[in-house]
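# Observations on the model geometry
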Amino acid sequence: MTVKTAEYKKISDKKDFLTVTDVNSQQLYQLLELAKEIKQKHAEGVPYAPLRGKTLAMIFEKSSTRTRVSFEVGMLQLGGHALFLTDRDLQIGRGETISDTAKVLSEYVNGIMIRTFEHEKVEELAKEGSIPVINGLTDSVHPCQALADLLTIQEVKGELKGLKLAYIGDGNNVAHSLLHACALAGMDISVATPEGYEPCDEIVAETLQIAAATGSKVEIVTDPHLAVKEADVVYSDVWTSMGQESENEKRLNDFEGFQVNSELVKAAKPDYLFMHCLPAHREEEVSTEVIDGPNSVVFHQAGNRLHAQKAILVDLLS
Ligand SMILES: NCCC[C@H](N)C(=O)O
Ligand SMILES: NC(=O)OP(=O)(O)O
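Residues numbered from 1 in each chain as written. Chains lettered and ligands numbered in written order. Predicted model: local features only at pLDDT ≥ 70, side-chain atom pairs only at ≥ 80, totals over all residues. Heavy atoms only, no water.

### Looking at the UniProt feature "binding site: L-ornithine" (unreviewed entry) in the protein chain
With numbering matched to this structure, UniProt assigns "binding site: L-ornithine" (unreviewed entry) to Asn173, Asp237, Ser241 and Met242. Look at the named residues: they lie 70 residues apart in sequence, but the longest C-alpha span between them is just 11.7 Å, so in the fold they bunch up. Beyond its immediate stretch of four places on either side in the chain, Asn173 contacts Leu137, Thr138, Asp139, Ser140, Val141, His142, Asp237 and Ser241. Take Asp237: it is sitting in the loop between strand E8 (233-236) and helix H9 (248-254). Apart from residues lying up to four places away in sequence, Asp237 is in contact with Tyr167, Ile168, Asn172, Asn173, Val174, His276, Cys277 and Glu285. (UniProt positions renumbered as here; feature names shortened; annotations may be inferred. Contact = heavy atoms within 4.5 Å. Helix = DSSP H or I, 4+ residues; strand = E, 2+ residues; numbered from the N terminus.)

Here is the structure:
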C-alpha cells in the first residue's frame with residue numbers, strides 16, 4: 001500500500017477533511033503511509049516541497065499550541081506558507097458571514113484550516129468556498145488529532161488492526177474522532193464516561209456502521225476498569241473542553257473515579273501505551289506518574305500532528 005510521493009495520486013475523493021469519515025478505511029491507511037513517507041523524507045533531509053507557492057489560511061476561534069504550530073511549520077516544510085488569523089483579526093468577528101468569508105478567501109488562498117465551536121460553521125465554510133477546508137477541531141470532532149494518534153500507535157505497535165484502545169473521560173470531540181478512526185482502522189474501542197457524558201448518539205451510530213464492515217468491537221460503558229481491561233492503548237483528555245469553562249467545578253465532581261492512574265492501568269496490557277491529545281491537567285484526568293511514566297507516548301503523539309497533517313495538506317492542496 002505504499003504511496004509514492006514522486007508519482008503522487010490523490011487519496012481522498014473529498015475536497016475537504018472535516019471528519020475522519022471523510023475517508024474510507026483504505027484511504028485512511030493510505031494517508032498513514034503517506035504521512036510516514038513524508039516524515040521519513042524530512043528526517044533524511046530529502047527536499048520535498050509540493051506546496052511551493054501555496055497558502056493556507058488558518059482561522060482560530062479557540063486557543064491552540066499544537067494545531068497552530070504544526071500546521072504553520074507543516075506548510076513551511078512543504079514549501080508553502082500559512083496565515084494565522086483569529087476572529088479578532090477577521091471581519092467574521094464583526095458579523096461578516098461565513099459564506100462571504102469562504103468566497104473571499106477562495107480568491108486568495110489554496111486552503112483553509114479552521115478551529116471553531118459549532119461544527120456546522122466548518123461545514124458551511126467548506127460548502128460555500130471552492131478550496132479545501134481542514135477541520136482543526138470543533139465542539140464535535142478533532143479529526144487531525146485522531147489521524148496523528150493512529151500514526152503513533154502504528155509506529156510503536158507496528159499494526160493497528162485488532163488492537164484495543166480504551167478512552168477514559170468525557171465523550172467529547174476527541175472521543176468522537178477516536179471512535180471513527182478506530183472503527184475505520186479495524187481497532188477495538190471501549191469508551192468509559194460518567195453517566196450523562198456519553199459520546200453523541202449520531203457518532204456512535206456512524207461508528208457501529210463502520211465497525212460492522214471492519215470487524216472492530218465498539219463498547220460504550222460507565223466503568224473505566226471495564227474499558228481498560230486488556231487495552232493496548234489507554235487514552236485520556238481534559239474533563240472540561242474549550243468553551244465549557246463555566247462547568248469546570250461540576251465536571252471535577254462528576255468525573256471522580258475517571259482519572260487514569262497507576263491503579264487503573266493495572267488492568268491494561270503490561271506494554272500499554274498512554275496517550276493524551278494535550279494540553280493535560282496532571283492529577284485531574286491523569287496522574288503525573290502515568291503521563292510522565294515509561295508507557296506514555298504523549299510527546300511522540302504531539303510530534304506526529306505535524307507529519308499526519310502534512311499528509312492531509314499534500315493530499316488536499318497539491
Ligand atoms: N487540544 C485539544 C483539546 C481537546 C479538548 N477536548 C477541547 O476541545 O478543549
Ligand atoms: N491537541 C491539540 O489539538 O492541541 P492544541 O489545542 O494545542 O492545538
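### Some thoughts on the site of ligand 2
Around ligand 2 sit Ser64, Thr65, Arg66, Thr67, Arg115, His142, Gln145, Cys277, Leu278 and Arg305, and those are all the residues in its vicinity. In the environment of ligand 2, an oxygen atom lies 2.6 Å from a nitrogen or oxygen atom belonging to the side chain of Ser64. Between Thr65 and ligand 2, the recorded distance is 2.6 Å, taken from a backbone N or O atom to an oxygen atom. Surface burial for ligand 2 is 95%, taken as the share of its 250 Å² of free accessible area covered by protein chains. (Near = heavy atom within 4 Å. Polar contact = N/O pair within 3.5 Å; in protein donor to acceptor, adjacent residues only side chain to side chain. Areas by Shrake-Rupley, 256 points an atom, 1.4 Å probe, with all protein chains shown as cover.)

### What to know about the packing of helix H6 (residues 173-185) against helix H7 (residues 201-214)
It is at 8 Å that the axes of H6 and H7 come closest, and there the two elements cross at 10°. By the angle class used here, H6 and H7 are roughly parallel. Handedness of the H6/H7 crossing: left-handed. For the pair formed by H6 and H7, the contact residues are His176, Leu179, His180, Ala183 and Leu184 on the first element and Ile203, Val204, Glu206, Thr207, Ile210, Ala211 and Thr214 on the second. Considered class by class, the residues forming the contact of H6 with H7 number seven nonpolar, four polar and one charged. (Axes fitted to C-alpha atoms, helices over the stretch in contact; angles between N-to-C directions. Parallel < 35°, antiparallel > 145°, perpendicular 65-115°, else oblique. Left-handed = near helix turned anticlockwise from the far one by under 90°. Nonpolar A, V, L, I, M, F, W, Y, C, P; charged D, E, K, R; others polar.)

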